[in-house]
Amino acid sequence: MCRIINFKALLIMFEIKKYSTMDTIDKKILTILQGNAKLGTKEIANQIGLSITPTYERIKKMESTGLIEKYVAILNGSAIEKNITVFCQISLSHHKKELIEKFKEAIVILPEVMGCFHVAGNSDFLLKVVVEDMNAFQQFAIEKLTSFEGVSNIQSSFVIEEIKNDTAYNLV
């Protein structure tokens, strides 16, 4: 299988490594933000026992180095009628750079795909697909996934119950 180097990711990793002198205060700030990104600097500063200005500067530095990528709202899938989560293992017919790049470019624009991971093992890609119901998944699989050039196999696993799905990293 080809290894493709993502130079943007390497640059971000380099920037983050420059910030690798993360101390316990930075970890506390990040833990707080992972739990509630809507908190203001004043509230965060009060929780960590630091004044507002240094807290603000630490957050801005973590944002500018890419340690903090973005702030998001996490939605309740059932409340917005996204009731079916499917993990699809995708195998490509051959491992040429052009085919891999074409697949990646095509998959990232599909709104049903919430996650796409290039993996090693029995398959080439692992997709997290979220749809309204089984009919929507069937339509997605037939009209979109199987239409991609080079897709030789699709193995789908349907989530019966979500036990754990954290977005926060453990920084302790």
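Let us look at the structure shown here.

Counted by the stated rule, this structure contains eight salt bridges. Here arginine 58 and aspartate 23 are joined by a salt bridge, their closest N and O atoms 2.9 Å apart. Placement of the pair is arginine 58 in helix H4 (residues 52-64) and aspartate 23 in the loop between helix H1 (7-18) and helix H2 (24-35), with a sequence separation of 35 residues. Accessibility expressed as a relative area gives 21% for arginine 58, which makes it partly exposed. In this structure, glutamate 132 and lysine 82 form a salt bridge, with 2.7 Å as the shortest nitrogen-oxygen distance. Taken together, the residues span a long stretch of sequence, with glutamate 132 in the loop between strand S3 (125-131) and helix H6 (134-143) and lysine 82 in the loop between H4 and strand S1 (84-92) at a distance of 50 residues.

Enumeration over the complete set of coordinates arrives at four aromatic pairs. On the numbers, 4.6 Å between centres and 40° between planes, the contact of phenylalanine 103 with phenylalanine 125 is tilted. Here phenylalanine 103 is found in helix H5 (residues 97-107), whereas its partner phenylalanine 125 is found in strand S3, with 22 residues between them in sequence. Taken individually, phenylalanine 103 and phenylalanine 125 each receive the classification buried, so the pair is uniform in this respect. With 6.2 Å between their ring centres and 40° between their planes, phenylalanine 137 and phenylalanine 140 make a pair best called tilted. Here phenylalanine 137 pairs with phenylalanine 140, and both are found in helix H6, just three residues apart, close to one helical turn. Classification of phenylalanine 137 by relative accessible area gives buried; the value is 6%.

Along the polypeptide, glutamate 112 turns up in the loop between H5 and strand S2 (113-118). Given a relative accessible area of 17%, glutamate 112 falls into the buried group. A distance of 2.7 Å separates polar atoms of two side chains, one belonging to glutamate 112 and the other to lysine 144.

This next bit is on the packing of H2 against H4. Contact geometry of H2 with H4 gives a least axis separation of 11 Å together with a crossing angle of 75°. One way to sum up the angle between H2 and H4 is to call them roughly perpendicular. For the pair H2 and H4, the contacting residues are Ile25, Asp26, Ile29, Leu30 and Leu33 in the first and Thr55, Arg58, Ile59 and Met62 in the second.

All right, on to the sheet that holds S3 then. With antiparallel pairing, the four strands of this open sheet are ordered in space as S2-S3-S1-S4. Of all the strands in the sheet, the pair left with one neighbour each is S2 and strand S4 (151-158). Going across the sheet, the axis of each strand differs from the next one's by a mean of 20°, ignoring polarity. By the bridge criterion, seven bridges tie S1 to S3 in an arrangement that is antiparallel. Within S3, the position partnered with isoleucine 90 by the bridge is phenylalanine 125. Against the sheet, H6 contacts S1, S2, S3 and S4, and its axis sits at roughly 140° relative to S3.

What counts, and at which threshold
Residues take numbers from 1 onward in each chain, read along the sequence in its written order. Selection of residues for local features in this predicted model requires a pLDDT of at least 70, selection of side-chain atom pairs for listing and counting requires 80 or more, and totals for whole chains, interfaces and linings are taken over all residues. Hydrogens are left out, water is left out, and the side-chain values use all remaining heavy atoms of the structure. What makes a salt bridge here is a side-chain nitrogen of Lys or Arg within 4 Å of a carboxyl oxygen of Asp or Glu, nothing more. Numbered from the N terminus, helices here are DSSP runs of H or I no shorter than four residues, and strands are runs of E no shorter than two. Relative accessibility under 20% of the residue-type maximum defines a buried residue, over 50% an exposed one, and the middle range a partly exposed one, all with a 1.4 Å probe and only protein chains included. In this analysis, rings of Phe, Tyr and Trp, with Trp reduced to its six-membered ring, are considered paired at centre separations within 6.5 Å, and the interplanar angle assigns stacked below 30 degrees, edge-to-face beyond 60, and tilted for intermediate values. Nitrogen and oxygen atoms within 3.5 Å of one another constitute a polar contact, given that in protein one can donate a hydrogen and the other can accept it, and given that sequence-neighbouring residues count only through two side-chain atoms. Interaxial angles span 0 to 180 degrees and are taken between N-to-C directions of axes, which are lines fitted to C-alpha atoms, for helices over the stretch in contact. Any angle between 65 and 115 degrees counts as roughly perpendicular, while under 35 counts as roughly parallel, over 145 as roughly antiparallel, and the rest as oblique. The criterion used for residue contact is that any of the two residues' heavy atoms lie within 4.5 Å. Following DSSP output, two strands are said to pair if at least two bridges run between them.

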